[in-house]
Amino acid sequence: MDFMLISPVQNTATTITSFGRAMHLNSSEIGKEAFWEEAIKSDKARKAGIDAPVYGHTRRINGDFCAEYEISGMPANFITNPIKEKHLENLFKNFFSLEKAGILHKNLSLEHLYFANDGKVNMDGFRHCANFYHANGKFQRANTDANIAMPSNAQEFAEAGLAKYVTSIKSEKTQLRFLEDYLPAKAKYHLQRAYHLKNNEGLKPNDKAIQIELARANALAAPSQHILRNELDKLNLYAMENRALELWQDGCGKTDGISKPNKRINSVLLLFDCLKYSIQLKDNADFMSTLHDNEFEAEYFKFEKEDFDHFNTQLMDCIKTAGDKTFTKKTFEKRPFTVIGSKSDLDVSKEAKIFENLCSKIDVKLPYDEIKDNINSVAVRYGSFAYKDSENPINDTDSTPGVHYA
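From a predicted model like this one, the values you see are computed outputs, not experimental measurements.

## Here's the deal with the packing of helix H4 (residues 153–167) against helix H5 (residues 172–199)
- Running from N to C, H4 and H5 point in directions that differ by 170°, and their axes come no closer than 13 Å. Judged by the inter-axis angle, H4 sits roughly antiparallel to H5. Where H4 crosses over H5, the handedness of that crossing is right-handed. Residues Asn-153, Ala-154, Phe-157, Leu-162, Tyr-165, Val-166 and Thr-167 of H4 form the contact with H5, whose own contacting residues are Gln-175, Phe-178, Tyr-182, Lys-186 and Tyr-189.
- Broken down by class, the residue content of the contact of H4 with H5 amounts to eight nonpolar, three polar and one charged.

Shown next, in the form of structure tokens:
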């Protein structure tokens, strides 16, 4: 007997059948422009060899569009639908096939990947994809800086989906055991990317983009305890960052239309915790790159240190943007911060200058021991405040503090 579900991200009706899931994509939920973008980009992904939905007959219902499609599998869940070794080859095949076609999927959360019992991995949500191209030795996509490294769907998945999956596992021992299977499969993916860069993008073996892929392929093929720990720490970092951004969106009233300054402040403080954690990981990668008893491992950590530097720079930009959007007269003139126990509201314009000054003292390129006091000074000031949230429902559409990673 069939029964109905609601998809957690797309809010689309779903029917479970003996052949898989018959899902319905509705323009009333995602918008008409996104509806057609999904159909067009899914078609492009299928031509690239991806297991993407085939949208069937499109119907109009009260002026909105509705399309049906079938998809096998369910989102990954460690208890009810775990990611197994048999899934990994197909997972990385999909990621690499997208990249060969110059496609980066910008929302590889668990809700857009479906892991089937036969080992197949299906994807949807292709309206979130962006195109990239290679020119003059760098990879470029719209509204981003050019980068030497080839964009990676595996990295997008690590940040948006895998972090949630792995951190949901209660035992760290089990988390590491999962990575012992996952990382060697990822090593083959990096090797494929290295060959692609050489044979199809015209890069030379000593070009940095290829060296990055080979370093990861060699190090992840049989990951040491140092590498396993670093990869797990990164997933914990991404999970912490995602919680901070969810808190920010809630503080902006994205779901209920009520602005909550308290949650905005807490989101900024949690982002600072992410920064502290990431800088310490950067310092560790820097140290590990100087050890020469394992050449592959040292090379891997050298590029990891560079990635952490880039991550930290963009995370700091995100924090500054969040602070600017928090301490702004325009945003809070009708709902000022009220510090509980104080006789007056917080002077928002004054606080903006104080926050900016505190941030200016933080150089994320320095070792953690040299800047930890400057970072902690932010928590000392704002962590001791208690704010009264707005009592009036106010729709605040400015719900993104900034995206820090490319």
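## Some words on the side chain of Asn-153
- Structurally, Asn-153 can be placed in helix H4.
- Ignoring any residue separated from it by four or fewer positions in sequence, one finds Asn-153 in contact with Phe-95, Leu-98, Glu-99, Ile-103, Leu-104, His-105, Leu-108 and Tyr-189.

## A few points about the pattern of salt bridges
- Per the stated rule, a full pass over the model turns up 21 salt bridges.
- Residue Glu-304 pairs with Lys-234 through a salt bridge whose shortest N-O separation is 2.9 Å. Taken as a pair, Glu-304 in helix H9 (residues 295–326) and Lys-234 in helix H7 (residues 225–251) lie far apart in primary sequence, 70 residues in all.
- Judged by its relative accessible area of 2%, Glu-304 is buried.
- Note on Lys-234: relative accessible area 10%, which makes it buried.
- Taken together, the shared-partner salt bridges in this structure form one network comprising Arg-216, Glu-231, Lys-234, Glu-304 and Asp-307.

## Observations regarding the nonpolar core
- Formed by 80 residues in total, the largest nonpolar core has its most connected members in Phe-157, Tyr-182, Phe-272 and Leu-275.
- In terms of residue count, helix H8 (residues 261–288) provides more of this core than any other element does, 11 residues in total.
- Look past the residues within four positions of Phe-272 in its chain and what remains in contact with it is Met-316, Ile-319, Phe-355, Cys-359, Ile-362, Ile-375 and Val-378.
- Core analysis: the second largest hydrophobic core is formed by nine residues, Met-150, Ala-194, Leu-197 and Ala-209 among them.

## Looking at the packing of aromatic side chains
- Applying the stated criterion to the full structure yields 11 aromatic pairs.
- Between the aromatic rings of Phe-78 and Tyr-165, the centroid separation amounts to 6.2 Å while the plane-to-plane angle is 70°, which identifies the pairing as edge-to-face. Of this pair, Phe-78 sits in the loop between strand S5 (64–71) and helix H3 (85–100) while Tyr-165 sits in helix H4, and the two are 87 residues apart along the sequence.
- Look at Phe-78 and you get partly exposed, because its relative accessible area is 29%.
- In this structure an aromatic cluster arises from ring pairing among Phe-78, Phe-92, Phe-95, Phe-157, Tyr-165, Phe-178, Tyr-182 and Tyr-189.
- When the ring centre of Trp-248 is taken as reference, the NZ or CZ atom of Arg-264 above it lies at 5.0 Å.

## Focus on the confidence of the model for the chain
- Scored by pLDDT, the chain has a mean of 82; 81% of the residues are at 70 or more.
- Long-range and interchain partners of residues 1–20, a stretch whose pLDDT sits below 50, account for 48 contacts in this model, where long-range means more than four residues apart.
- Note on residues 402–406: pLDDT is under 50 here. Beyond four places in sequence and across chains, it has 15 contacts.

## Regarding the environment of Ala-221
- Checked against the element boundaries, Ala-221 lands in helix H6 (residues 208–221).
- Ala-221 gets classed as partly exposed once you look at its relative accessible area, which sits at 46%.
- Separated by 40 residues in the primary sequence, Ala-221 and Asp-181 place their C-alpha atoms 9.7 Å from one another.
- With near-sequence residues (within four places) excluded, Ala-221 lies in contact with Pro-184 and Ala-187.

## Considerations on the sheet that holds strand S9 (residues 129–135)
- With antiparallel pairing, the three strands of this open sheet are ordered in space as S6-S9-S10. Every other strand in the sheet has two partners, leaving strand S6 (103–105) and strand S10 (138–141) as the edge strands with one partner each. With strand direction ignored, the average angle separating the axes of adjacent strands in the sheet is 35°.
- Where S9 and S10 come together, four bridges link them in antiparallel fashion. Residue Phe-132 lies in a different strand from S10, and its bridge partner there is Arg-141.

Parameters at a glance
Residues numbered from 1 in each chain as written. Predicted model: local features only at pLDDT ≥ 70, side-chain atom pairs only at ≥ 80, totals over all residues. Heavy atoms only, no water. Axes fitted to C-alpha atoms, helices over the stretch in contact; angles between N-to-C directions. Helix = DSSP H or I, 4+ residues; strand = E, 2+ residues; numbered from the N terminus. Parallel < 35°, antiparallel > 145°, perpendicular 65-115°, else oblique. Left-handed = near helix turned anticlockwise from the far one by under 90°. Contact = heavy atoms within 4.5 Å. Nonpolar A, V, L, I, M, F, W, Y, C, P; charged D, E, K, R; others polar. Salt bridge = Lys/Arg side-chain N within 4 Å of Asp/Glu carboxyl O. Buried < 20%, exposed > 50% of the residue type's maximum accessible area, 1.4 Å probe, protein only. Core = buried A, V, L, I, M, F, W, Y, C linked by side-chain atoms within 4.5 Å. Phe/Tyr/Trp six-rings, centres within 6.5 Å; stacked < 30°, edge-to-face > 60°. Lys NZ or Arg CZ within 6 Å of the ring centre and 35° of its normal. pLDDT = per-residue confidence, 0-100. Pairing = 2+ DSSP bridges.

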